Amino acid sequence: MCDTCGCNDPDSKITIRKPGEEHTHEHSHKHGHDHKYTHEHDHQHEHDQHSHQHEHTYSHEHDHDEHSHSHEHSHEHSSHEREHDHGHSHGKEIKVEHDILDKNNLLAERNRGYFEAKNIHAINLVSSPGSGKTTLLEKTISDLKKDIAFCVIEGDQQTMNDADRINATGAPVIQINTASGCHLDAAMVSEAAKKLNIADHSMLFIENVGNLVCPAMFDLGESHRVVIISVTEGDDKPLKYPYMFHSSDICIINKTDLLPYVDFDVEKAKMYALQVNHHLQFFELSAKTGQGMDAWYAWLKKVLV
Amino acid sequence: MHELSIATNIVEFAEEFAHDHQATKINRIELEVGQLSGIVIDSLKFALEFAVENTVLEKAEIIITEIPGRFKCYNCQTEFDKSVWYTPCPSCQSMDSELLGGKEMQIKSIFID
């Protein structure tokens, strides 16, 4: 079973590739840790051997002390318990206090350190499908590529379409296809970033899978998270999907050229978003007409310094 | 759908834990999930049913404790519990509050023989 999406479909594999690269399945097993569980039935023994590599995810010394006690008693217990299973206690309690997303968070911090060391400014763009993330990137890269070195990691379930669009702007790009997966995680970004071979002092846009729910929980190691809503959506989106708005730093309201034709109330949307996260900073713009893009560009230039 | 990722993370941790403690099975595992963590507990339970198959957790009793969202008002310092993000302070109606708890997503304890 895939750690990312839970799918059992053997053809549903995560692929990471650049435009023009042949589609192969070579990368499907490179996610090591993520997919280790997939192979458990077939490779039980190998799995046991591998698990030594991951010992650092919880406090060791303390557990180890307790463990040695439990081990000493375990022979008596196991034979005893078979007869008195129901009345027996649950055995020895070991306090773990382990964050379930620890592995992703650790990897995200590694990504963050890697980006910091190379002076790469990473921006994680999240939104519903169709809010204009890719158009915003195309326009931004085309207008600013003389001033800023951009590169892009694209996330979608299927197709190279977005990577091909970015590729046309001339910026280095790599596409992650998550197959059935509903979000990018830190491991995918780590692998994609290495493969993309990002130049120092550049700005990395990570376009997440279009989904306002799941990507909120997965830190990728970004410097800023930018949530995009378009005026063709409801102005109550921040209330309906508060987790995403709570975890973002910037909110872009896109497609403002369509405001005369829709019922979207910009002030109401901003008020709702601020109720969820009063630190949010807003940019109202139209990536299509260029209206309002200057403020966004000024912010990008400011954070890169 | 991300609850299945979470369930798989729990199972992976349990497998490694059992190996490190030379346990062949886990009797009980206690989890804490905050009301503001973004996890639907029913979905997590459903996902775990499948994720634990043929693992050290297969026979384990799984206890999930829900932790309420707890806020502290920046304006008047009142502390209050709420299960949603956008909540005015019950005393002064200010929307500016600090989150004290409710985003937990933890494996608290594991019981082995």
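Residues numbered from 1 in each chain as written. Chains lettered and ligands numbered in written order. Predicted model: local features only at pLDDT ≥ 70, side-chain atom pairs only at ≥ 80, totals over all residues.

This paragraph deals with the overall build of chain B. Looking only at helices and strands, chain B has 2 helices and 6 strands in total. Helices and strands appear in chain B in the N-to-C order α-β-α-β-β-β-β-β. Here chain B has a C-alpha radius of gyration of 17 Å; the compact-globule value for 113 residues is 13 Å, and the former is much larger. Once the C-alpha set of chain B is aligned to its principal axes, its extents read approximately 55 × 25 × 15 Å. Looking at chain B as a whole, 47% of its 113 residues qualify as buried. A sequence separation of at least 24 residues applies to 71% of the contacts in chain B between residues at least 6 apart. (Helix = DSSP H or I, 4+ residues; strand = E, 2+ residues; numbered from the N terminus. Rg over C-alpha atoms; globule rule 2.2 N^0.38 Å. Buried ≥ 20, exposed ≤ 12 C-beta atoms within 10 Å, placed from the backbone. Contact = placed C-beta atoms within 7 Å.)

Take the confidence of the model for chain B next. When pLDDT is averaged along chain B, the result is 92, and 99% of the positions lie at 70 or above. Reported confidences for the modelled complex are a pTM of 0.77 and an ipTM of 0.85. (pLDDT = per-residue confidence, 0-100.)

Our focus in this paragraph is helix α1 (residues 2-20) of chain B. Taking 1.5 Å per residue, 19 residues should reach 27 Å; α1(B) reaches 27 Å between its end C-alpha atoms and fits that length. Immediately beyond the C-terminal end of α1(B), within one or two residues, lies Gln22(B), with a positive phi of roughly 50°. (Expected span 1.5 Å × (residues − 1).)

This part takes up the nonpolar core. All names here are of chain B. By size, the foremost hydrophobic cluster in this structure holds 96 residues, and its most contacted members are Ala-14 and Ile-26. The greatest single-element share of this core, amounting to 9 residues, is contributed by α1. In contact with Ile-26, not counting residues within four places along its chain, are Ala-14, Ala-18, Val-56, Leu-57, Ala-60, Ile-110, Phe-111 and Ile-112. (Core = buried A, V, L, I, M, F, W, Y, C linked by C-beta atoms within 7 Å.)

All right, on to the packing of α1(B) against helix α2 (residues 41-51) of chain B then. All names here are of chain B. Running from N to C, α1 and α2 cross one another at 50°; their axes reach a closest spacing of 8 Å. Judged on the interaxial angle alone, α2 and α1 are oblique. In this structure, α1 crosses over α2, and the sense of that crossing is right-handed. When α1 is examined against α2, the residues Glu-3, Leu-4, Ile-6, Ala-7, Thr-8 and Val-11 are found in contact with a partner set consisting of Ser-43, Leu-44, Ala-47, Leu-48 and Ala-51. When grouped by side-chain class, the residues that make up the contact of α1 with α2 number 8 nonpolar, 2 polar and 1 charged. (Axes fitted to C-alpha atoms, helices over the stretch in contact; angles between N-to-C directions. Parallel < 35°, antiparallel > 145°, perpendicular 65-115°, else oblique. Left-handed = near helix turned anticlockwise from the far one by under 90°. Nonpolar A, V, L, I, M, F, W, Y, C, P; charged D, E, K, R; others polar.)

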